[in-house]
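Take a look at the letters that make up each chain.
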Amino acid sequence: MKELKKLLDEKEVKPTFQRLSILKYLEENREHPTADMIYEYIREKVPTISKTTVYNTVHKFLEKGLIKELTITGQEARYDFVTDSHHHFLCEKCGTIYDIDINCPHGLPGQNMVRGHKVEEIHGYFKGICKNCLQKN
Ligand code: ZN
Ligand code: MN
């Protein structure tokens, strides 16, 4: 919790109990939750919290670069505590989103250009059937 408080301080986000709880949840749960999933979990710990507060907090974290947003499902935003550039794999059977740490042939964001454009973000989205689901069949 102390480290998380430092993270918020560094980004000049006031470390309220609610914000710390949300950031802690994201740190501990790496399954790339939606804002609704965060809300469902947080309201058990902090029953007074509203959905709006959770949404606003998530957007504040996003704006400050504390978390990343994935649009891999095409239907809902998912949130990632890991802000270093990495790719993702979505299992179309069970819906799990895996981190895929491979060297991206396109380099690292912020360091390269494409057709004269400066690249600031790179998202690699793979979709298919995950190893767990493959084993079940
Ligand atoms: Zn699966
Ligand atoms: Mn990730």
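Residues numbered from 1 in each chain as written. Chains lettered and ligands numbered in written order. Predicted model: local features only at pLDDT ≥ 70, side-chain atom pairs only at ≥ 80, totals over all residues. Heavy atoms only, no water.

**As for the pattern of salt bridges**
Across all of its chains, the model carries 6 salt bridges by this definition. Among the ionic pairs, Asp36 bridges to Lys51, the shortest N-O distance being 3.5 Å. Note that Asp36 is positioned in helix H3 (residues 35-45) and Lys51 in helix H4 (residues 51-63), a separation of 15 residues in sequence. For Asp36, a relative accessible area of 33% translates into the label partly exposed. The class for Lys51 is partly exposed, based on a relative accessible area of 38%. (Salt bridge = Lys/Arg side-chain N within 4 Å of Asp/Glu carboxyl O. Helix = DSSP H or I, 4+ residues; strand = E, 2+ residues; numbered from the N terminus. Buried < 20%, exposed > 50% of the residue type's maximum accessible area, 1.4 Å probe, protein only.)

**Some thoughts on the coordination of the manganese ion (ligand 2)**
The coordination sphere of the manganese ion (ligand 2) contains the protein donors His32 (NE2), Asp80 (OD), His86 (NE2), His88 (NE2) and Asp99 (OD), at a distance range of 2.0 to 2.3 Å. Of note, the donors binding the manganese ion (ligand 2) are all from one chain and are spaced H-x47-D-x5-H-x1-H-x10-D. With His86 in the loop between strand E2 (78-80) and strand E3 (87-91) and Asp99 in strand E4 (residues 97-100), this residue pair connects regions lying 13 residues apart in the sequence. (Donors = N, O, S within 2.8 Å, 3.2 Å for Na, K, Ca; no water.)

**Description of the domain arrangement of the protein chain**
When the domains of the protein chain are assigned, the result is domain 1 (2-70) and domain 2 (84-136). Its C-alpha centre places domain 1 at a distance of 23 Å from the equivalent point of domain 2. (Domains from an automatic or database assignment.)

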